[in-house]
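# Structure at a glance
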Amino acid sequence: MTSTPRTRVLTGITTTGTPHLGNYVGAIRPTVQASRDLSTDGFYFLADYHALIKCDDPARIQRSTLEIAASWIASGLDTDKVTFYRQSDIPEIPELTWFLTCVTGKGVLNRAHAYKAAVDKNNAAGHDPDSDVSAGLFMYPVLMGADILMFKAHKVPVGRDQIQHIEMARDMASSFNHLYGEHFVLPEAVVEESVALLPGLDGRKMSKSYDNTIPLFAPAAQMRKQIAGILTDSKAPGEAKSTESSALFQIYQAFASAEETAALSKAYAEGIAWGDAKQVLFERIDREIAPMRDQYQELIHNPAKLDQILLAGADKARQMATPFIKELRHAVGLRALSSGSNTSTAKEAKVALPSFKQYREKDGQFYFKLVDAQGQLLLQSHGFASPKEAGQTIARLQTEGGTSVFELHHLLEPLSHEAQAVAAKNIEIIRSSVEKNNK
Ligand code: TRP
């Protein structure tokens, strides 16, 4: 009996900064919850190759990798149940990136949002369109495609801004499958409506780029101070307040139960003072985060232990990646020269073509023959003085097609007329398939 494959869920976090409440609500907490669902296999990783695209500060990348790994584990990720690793520990990923690069249209990458935004900004400023745009930024979606396709992920939880990248990964997978046979699973983006976007201190999306974040594992006193700095309107205590477009309320909602949220909504209507509302928010967040702080601190101060966990994760990931990249290398034609070519790819499977075999006889001369897929002899050459002459004759047959069988009859052993006609037809098939491949 064959069992249906379990759903594979995969996502990564780019290691360019200190994890904040937005990362926690949007990525860390949902993946920790998903990792407890025993009907799925989770693949979670630190996207440090992606970090190089945005950040040229080595110490920052190292520190961020440490902090994000510690945050994920302290938040409850069970690294024995999931595959938890660092992208740069998987050398198969850059190799797959190259294979995908070769099946991705440059025009498709021209339309990627992040690249287009950079070009638009340059154009608006009257600069060269590609000014300050690295080839890494341009290739960002292909590296991400490799992350996803390497582990045959079915579902990829991401923010709304990443949906386009998942669609591109799907396109890369179908192009590759079309050319080389069914190797990749087509992934799907999963966007959780309920964890949409957490606003930051100033009401815009909480993001490193706006410098409006609240770090996830800041000491309690610092978190309280930052929460006190959340932008509000200037309504006095006792005045009714609106929950709509209140960043404070939206952040509260991301941590509170439905009842707790309803209670705060009531307090807003009854004119709760902003200072008191901030205290309520701090206490609610702290209730969830406080129990994790100790483990976070312990991990941060024990980087060797994190290295060990990540390397064990990479080992587990590579048990899948290493044989898979081997299969893909073979599929595209990066093969041992001695390995038979009558296996596995879509094209070859469709038409089992006859083939030429060159060899040397005991008389010291060089010969070739044409045999069909079943090993039936279709054509037999005379002896040639050198392998080069034999090879040139094969090349002429292959490029000129079936009629040359009759023109070159003096170089061929006289098989029956019928056999020659069969050979001519087969050479015609070879010629047109070579031509198609070259298109
Ligand atoms: N690009 C993602 C982000 O910035 C991070 C990422 C890299 C990722 N590779 C991935 C997410 C693969 C999901 C799957 O948020």
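Analysis parameters
Residues numbered from 1 in each chain as written. Predicted model: local features only at pLDDT ≥ 70, side-chain atom pairs only at ≥ 80, totals over all residues. Heavy atoms only, no water. Near = heavy atom within 4 Å. Polar contact = N/O pair within 3.5 Å; in protein donor to acceptor, adjacent residues only side chain to side chain. Areas by Shrake-Rupley, 256 points an atom, 1.4 Å probe, with all protein chains shown as cover. Helix = DSSP H or I, 4+ residues; strand = E, 2+ residues; numbered from the N terminus. Phe/Tyr/Trp six-rings, centres within 6.5 Å; stacked < 30°, edge-to-face > 60°. Buried < 20%, exposed > 50% of the residue type's maximum accessible area, 1.4 Å probe, protein only. Axes fitted to C-alpha atoms, helices over the stretch in contact; angles between N-to-C directions. Left-handed = near helix turned anticlockwise from the far one by under 90°. Contact = heavy atoms within 4.5 Å. Pairing = 2+ DSSP bridges. Domains from an automatic or database assignment. Core = buried A, V, L, I, M, F, W, Y, C linked by side-chain atoms within 4.5 Å. Salt bridge = Lys/Arg side-chain N within 4 Å of Asp/Glu carboxyl O.

Below, the discussion takes up the site of the ligand. Taken together, 14 residues form the shell around the ligand, and within it His 50, Tyr 140, Met 144, Asp 147 and Gln 162 come nearest. At a separation of 2.6 Å, a nitrogen atom of the ligand approaches a polar side-chain atom of Tyr 140. In this structure, a nitrogen atom belonging to the ligand sits 2.7 Å away from a side-chain N or O atom of Asp 147. Relative to its unbound accessible area of 360 Å², the ligand is 88% covered by the protein chains. Residue assignment for the shell around the ligand shows that the elements contributing at least two residues are strand E1 (7-14), strand E2 (40-47) and helix H7 (135-150).

Next up on the list: the packing of aromatic side chains. Scanning the model with the defined rule gives 16 aromatic pairs in all. Seen from their ring centres, Tyr 85 and Phe 151 are 5.4 Å apart, and the 55 degrees between their planes marks the pair as tilted. Placement of Tyr 85 in strand E3 (residues 83-86) and of Phe 151 in the loop between H7 and strand E4 (155-157) is noted, with a sequence separation of 66 residues between them. We note that Tyr 85, like Phe 151, is buried.

It is worth spelling out the packing of helix H3 (residues 58-74) against helix H12 (residues 274-300) at this point. The interhelical angle for the contact between H3 and H12, taken along N-to-C directions, is 145 degrees, at an axis separation of 9 Å. Considering only the axes of H3 and H12, their crossing is right-handed. Every residue of H12 that contacts H3 at Arg 63, Leu 66, Glu 67, Ala 70, Ser 71, Ile 73 and Ala 74 is listed here: Met 292, Gln 295, Tyr 296, Leu 299 and Ile 300.

Counting buried positions over the eight residues of E1 gives six, a clear majority of the element. Where E1 lies against E2, eight bridges are found, and the strand directions are parallel. By the bridge assignment for E2, Ile 13 is matched with Leu 46.

Time to look at the environment of Ala 124. You can see Ala 124 is positioned in helix H6 (residues 113-124). For Ala 124, a relative accessible area of 70% corresponds to the exposed category. C-alpha of Ala 124 to C-alpha of Leu 378: the two residues are 254 residues apart in sequence and 67 Å apart in space.

If you trace the backbone, Arg 293 turns up in helix H12. A polar contact of 3.2 Å, which involves the side chain of Arg 293, links it to the backbone oxygen of Ala 218. In terms of polar contacts, Arg 293 uses its side chain to reach the side chain of Asp 286, at 2.8 Å.

Our focus in this paragraph is the domain arrangement of the protein. Each assigned domain of the protein is listed with its residue range as follows: domain 1 (7-197 + 302-332), domain 2 (217-294) and domain 3 (350-438). Summarising the inter-unit geometry, the C-alpha centres of domain 2 and domain 3 are found 81 Å apart.

Turning our attention to the nonpolar core. Among soluble globular proteins, nonpolar side chains are generally buried collectively. Of all hydrophobic cores here, the largest spans 53 residues; its most connected members are Leu 21, Trp 72, Phe 84, Ile 230 and Ile 285. At ten residues, the largest contribution of residues to this core is made by H12. There are two domains that each give this core at least three residues, and those are domain 1 (7-197 + 302-332) and domain 2 (217-294).

Side chains on a regular strand alternate between the two faces of the sheet. Where strand E6 (residues 355-360) lies against strand E7 (residues 366-371), six bridges are found, and the strand directions are antiparallel. If you follow Lys 357 over to E7, its bridge partner there is Lys 369.

So, about the pattern of salt bridges. Summed over all chains, the structure comprises 17 salt bridges. Among the salt bridges present, the one from Arg 86 reaches Asp 307, with a minimum N-O distance of 3.5 Å. Here Arg 86 is found in strand E3, whereas its partner Asp 307 is found in helix H13 (residues 303-332), with 221 residues between them in sequence. Judged by relative accessible area, Arg 86 falls into the buried class, the value being 17%. We note a salt bridge from Glu 400 to Arg 396, for which the minimum N-O separation is 3.2 Å. Placement of both Glu 400 and Arg 396 in helix H15 (residues 387-400) is noted, with a separation of four residues, approximately one turn of the helix. The exposure class assigned to Arg 396 is partly exposed, which follows from its relative accessible area of 38%. Counted as one network, the salt bridges with shared partners bring together Arg 86, Asp 89 and Asp 307.

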